[in-house]
Amino acid sequence: EGDERRAVAAASRRFYAALAAGDGAAMAGEWANAAESAFVTGAVMRDARLDGWDVVLREDRRPLGMDVGDFDVTVRGDVAYLTLLETVANGSTLLATQRFSRGADGAWQIEEHRTIPYGKDIVAKVVLRCDCRGCVAVPAKAAASWAEPRDGDEAGRLLARD
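All values derive from a computational prediction rather than experimental measurement. (Residues numbered from 1 in each chain as written. Predicted model: local features only at pLDDT ≥ 70, side-chain atom pairs only at ≥ 80, totals over all residues. Heavy atoms only, no water.)

Caption draft 1: Layout of the side chain of Asp131. Its location among the elements puts Asp131 in strand β6 (residues 126–131). Assessed through its relative accessible area of 0%, Asp131 is described here as buried. Of note is the side chain of Asp131, whose polar atom sits 2.7 Å from the side chain of Arg133. Apart from the residues within four sequence positions on either side, Asp131 is in contact with Trp31, Glu36, Ser37, Val40, Trp53 and Glu111. (Helix = DSSP H or I, 4+ residues; strand = E, 2+ residues; numbered from the N terminus. Buried < 20%, exposed > 50% of the residue type's maximum accessible area, 1.4 Å probe, protein only. Polar contact = N/O pair within 3.5 Å; in protein donor to acceptor, adjacent residues only side chain to side chain. Contact = heavy atoms within 4.5 Å.)

Spelled out as structure tokens, the structure:
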């Protein structure tokens, strides 16, 4: 199973290398046999804008100076999930999850990439959902991803109950 996890991690590193370099051909290769994500399709059907990889990879759009941290890989048969932290240039952190499937040739194929704000006092206006077509930016709550309960604070009371 360690070899499988390493193969999934290598596929993820190729994704991030293509993203960092703005390499459209390499990115297309990573998504070559992937199916469209139901989540991305649903967001587009509700009028979310889908930016193709040609737009996402432009220098003025891609996350320049992003670092990716350690990762965790879970393999279940022909499906694998990878989670890691992305740190963008302004210091904000995002939790990224990626779903992979094993192709007929045995190689791991990325199927979906998602990000959410992660950490104390991290505020994000959007979260990303990406598939073979590109990415949609889905509105996120305009609140920190972590909050301490405060007196008189409805969100704090709700958090305190959980």
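Further notes follow.
Caption draft 2: Here's a closer look at the sheet that holds β6. The strand order across the open sheet formed by seven strands is β1-β7-β6-β5-β4-β3-β2, and the pairing between neighbours is antiparallel. Each edge of the open sheet carries a strand with a single partner, namely β1 (50–52) and β2 (67–76). Taken pair by pair, the neighbouring strands of this sheet meet at an average axis angle of 20°, ignoring direction. Pairing of β1 with strand β7 (residues 134–139), which is carried by three bridges, proceeds in the antiparallel orientation. From the neighbouring strand, Asp51 faces β7, where its bridge partner is Cys135. (Pairing = 2+ DSSP bridges. Axes fitted to C-alpha atoms, helices over the stretch in contact; angles between N-to-C directions.)

Caption draft 3: Quick peek at the packing of aromatic side chains. Inspection of the entire model under this criterion finds four aromatic pairs. Residues Phe15 and Trp53 carry aromatic rings whose centres are separated by 6.1 Å and whose planes lie at 85° to one another, so their mutual orientation is edge-to-face. Placement of Phe15 in helix α1 (residues 2–21) and of Trp53 in helix α4 (residues 53–56) is noted, with a sequence separation of 38 residues between them. Chaining the aromatic ring pairs together yields one cluster made of Phe15, Tyr16, Trp31 and Trp53. Geometry around Phe39 places Arg114 over its ring, the cationic atom sitting 4.9 Å from the centre. Geometry around Phe39 places Arg129 over its ring, the cationic atom sitting 5.2 Å from the centre. (Phe/Tyr/Trp six-rings, centres within 6.5 Å; stacked < 30°, edge-to-face > 60°. Lys NZ or Arg CZ within 6 Å of the ring centre and 35° of its normal.)

Function cannot be read off these values alone, since they describe shape.
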